[in-house]
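If you want the building blocks of each chain, they are given just below.
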Amino acid sequence: MPSEISATTFNQFFAWSPLVVGLVIYLVLYAAKRHEVTASGAPIGQTFACANCGRRGRREHMVPQEHAGATSWYCARCAGGH
């Protein structure tokens, strides 16, 4: 007894297969990426420029000063005069 696939079954298989394969790929990628942690905060080695002389330094070495709601960063050398 020869087994043949009907034309309707054959058409339905190829009609649904792209959707099923795409869904499987999406679910695999979702499962792989859901526990990834994104980098947050300032990038390593970020520096700030002095608002007066332009000298660059780390945030810990700069002095912040408020001016009408805006923050300016000054190096230790220039911070005394402002």
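One structure accompanies this document, and this report is about it. (Residues numbered from 1 in each chain as written. Predicted model: local features only at pLDDT ≥ 70, side-chain atom pairs only at ≥ 80, totals over all residues. Heavy atoms only, no water.)

Here's the deal with the overall build of the chain
Part 1 of the reasoning: A tally of regular secondary structure across the chain gives 2 helices and 4 strands.
Part 2 of the reasoning: Considering the chain as a whole, with its 82 residues, one finds that 12% of them fall into the buried category.
Part 3 of the reasoning: Within the chain, residue pairs in contact and separated by at least 24 positions form 18% of the contacts whose partners lie at least 6 positions apart.
Part 4 of the reasoning: Carbon and sulfur atoms form 61% of the exposed surface of the chain, whose accessible area is close to 7300 Å². (Helix = DSSP H or I, 4+ residues; strand = E, 2+ residues; numbered from the N terminus. Buried < 20%, exposed > 50% of the residue type's maximum accessible area, 1.4 Å probe, protein only. Contact = heavy atoms within 4.5 Å. Areas by Shrake-Rupley, 256 points an atom, 1.4 Å probe, with all protein chains shown as cover.)

A closer look at the pairing of strand E3 (residues 63-67)
Part 1 of the reasoning: Where E3 and strand E4 (residues 70-74) come together, 5 bridges link them in antiparallel fashion. Bridge pairing links Pro-64 to Trp-73 in E4. (Pairing = 2+ DSSP bridges.)

Structural notes on a nonpolar patch on the surface
Part 1 of the reasoning: Together, Trp-16, Leu-19, Val-20, Val-24 and Val-28 make up an exposed nonpolar region whose accessible area comes to about 510 Å².
Part 2 of the reasoning: Secondary-structure assignment places Trp-16 in helix H1 (residues 7-33).
Part 3 of the reasoning: For Trp-16, a relative accessible area of 55% corresponds to the exposed category. (Patch = residues over 30% accessible without salt bridge, like charges linked within 9 Å, V, L, I, M, F, W, Y side chains within 5 Å. Salt bridge = Lys/Arg side-chain N within 4 Å of Asp/Glu carboxyl O.)

Some details on the packing of aromatic side chains
Part 1 of the reasoning: Per the stated rule, a full pass over the model turns up 3 aromatic pairs.
Part 2 of the reasoning: Ring geometry for Phe-13 and Phe-14: centres 5.0 Å apart, planes at 85 degrees, overall edge-to-face.
Part 3 of the reasoning: Looking at Phe-13, the relative accessible area reads 53%, which means it is exposed.
Part 4 of the reasoning: Take Phe-14: its relative accessible area is 47%, and that puts it in the partly exposed class.
Part 5 of the reasoning: Seen from their ring centres, Phe-48 and Trp-73 are 5.1 Å apart, and the 35 degrees between their planes marks the pair as tilted. Of this pair, Phe-48 sits in strand E1 (residues 48-49) while Trp-73 is found in strand E4, placing the two residues 25 residues apart along the sequence.
Part 6 of the reasoning: Through pairs of rings, three or more aromatic residues link up here, namely Phe-10, Phe-13 and Phe-14. (Phe/Tyr/Trp six-rings, centres within 6.5 Å; stacked < 30°, edge-to-face > 60°.)

Any functional reading would require information beyond the geometric quantities listed.
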